[in-house]
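# Summary of the model geometry
Read off the chains here:
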Amino acid sequence: TPTLPSPTPAAWEPAFYLIALDDGGQSGEEIGCGDSVLPVRIESEPGLDLTLLSIQRLLALDDQYYGESGLYNALYQSDLNVDSLTIEDDVATLRLTGQLMLGGVCDNPRVQAQLVRTLTHNPDVESAQVFINDVPLEDLLSGQ
């Protein structure tokens, strides 16, 4: 009897995450200030690291709102670049350089959610650590 090769799992679809303002968790995962964080799927490019591609696409967005979707980008005023991205033992560590600009206290959970959810969208990533200019994101957002 011939044996058929086991089906290879489909590659996961890369995405970055944006915010549905005042959505109360109706469209996605609820985060601070009554918003939801939602994935925006992107076209993958063969041979590229999909997690890195997703982060780079997120950081490249300069507009406050994404197209006609109405989704908010809390990182639109920031000028951040990827210094490194590593994934070890289910943990993604993202090191960014540049300037983080926030539009108010509600942007804190939005920025956190956008970066962390974009990283943990990868099925091989359970948790994420983000550093900006070698300072943990949590410290920057808490005002330390």
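Here, every reference points to the structure presented above.
None of these values were measured; they are calculated from a predicted model.

Each value, and the rule that gives it
Residues numbered from 1 in each chain as written. Predicted model: local features only at pLDDT ≥ 70, side-chain atom pairs only at ≥ 80, totals over all residues. Heavy atoms only, no water. Pairing = 2+ DSSP bridges. Helix = DSSP H or I, 4+ residues; strand = E, 2+ residues; numbered from the N terminus. Contact = heavy atoms within 4.5 Å. Axes fitted to C-alpha atoms, helices over the stretch in contact; angles between N-to-C directions. Expected span 1.5 Å × (residues − 1). Buried < 20%, exposed > 50% of the residue type's maximum accessible area, 1.4 Å probe, protein only. Disulfide = S-S within 2.5 Å. Core = buried A, V, L, I, M, F, W, Y, C linked by side-chain atoms within 4.5 Å. Salt bridge = Lys/Arg side-chain N within 4 Å of Asp/Glu carboxyl O.

## Here's the deal with the sheet that holds strand 7 (residues 91–99)
Hydrogen bonds between backbone atoms are what pair the strands of a sheet, whose relative direction is either parallel or antiparallel. As summarised here, the arrangement of the 4 strands in space is 6-7-8-9, forming an open sheet in which the pairing is mixed. Edge strands, defined here as strands with exactly one partner in the open sheet, are strand 6 (79–88) and strand 9 (135–136). Note that strand 8 (residues 127–132) and strand 9 share 2 bridges and pair antiparallel. Residue Phe131 lies in a different strand from strand 9, and its bridge partner there is Pro136. Against the sheet, helix 1 (residues 50–60) touches strand 6 and strand 7, its axis set at about 165 degrees to strand 6.

## Considering helix 2 (residues 107–120)
The α-helix winds at 3.6 residues per turn, so residues separated by three or four positions along the chain end up facing the same way. In a regular helix each residue adds 1.5 Å, so 14 residues correspond to 20 Å; helix 2 covers 20 Å between its end C-alpha atoms and thus fits that length. Listing the buried residues of helix 2 in full gives Asp107, Asn108, Arg110, Val111, Ala113, Gln114, Leu115, Thr118, Leu119 and Thr120.

## As for unusual backbone geometry
In most cases, non-glycine residues show a negative phi, while peptide bonds are predominantly trans. The phi angle at Cys33 is positive, at roughly 65 degrees, despite the residue not being glycine. With respect to the helices and strands, Cys33 occurs in the loop between strand 2 (29–31) and strand 3 (35–41).

## Thoughts on the state of the cysteines
Across all of its chains, the model carries 1 disulfide by this definition. With its sulfur 2.0 Å from that of its partner, Cys33 forms a disulfide with Cys106. Judged by the torsion about the S-S bond (-85 degrees), the Cys33/Cys106 disulfide is left-handed. Of this pair, Cys33 sits in the loop between strand 2 and strand 3 while Cys106 sits in the loop between strand 7 and helix 2, placing them 73 residues apart in sequence. Of the residues examined, Cys106 reaches a relative accessible area of 25% and is grouped as partly exposed.

## A word on the nonpolar core
If you look at the biggest cluster of nonpolar residues, it comprises 35 residues, and the most contacted ones within it are Leu75, Leu94, Leu96, Leu100, Leu115, Leu119 and Leu137. Looking at which element gives the most residues to this core, the answer is strand 1 (residues 15–20), with 5 residues. Those residues within four positions of Leu75 in sequence are excluded, and the remaining contacts are Leu58, Leu59, Leu80, Leu100, Val111, Gln114 and Leu115.

## Digging into the pattern of salt bridges
In this structure the tally under the stated criterion is 5 salt bridges. Here Glu29 makes a salt bridge to Arg117, at a shortest N to O gap of 3.1 Å. Residue Glu29 is located in strand 2, and its partner Arg117 is located in helix 2; the two are separated by 88 residues in the primary sequence. Notably, a salt bridge pairs Arg95 with Asp134, separated by 3.6 Å at the nearest N-O pair. Taken together, the residues span a long stretch of sequence, with Arg95 in strand 7 and Asp134 in the loop between strand 8 and strand 9 at a distance of 39 residues. What makes Asp134 exposed here is its relative accessible area of 62%. In this structure, a network of salt bridges that share partners links the residues Asp35, Asp107 and Arg110.

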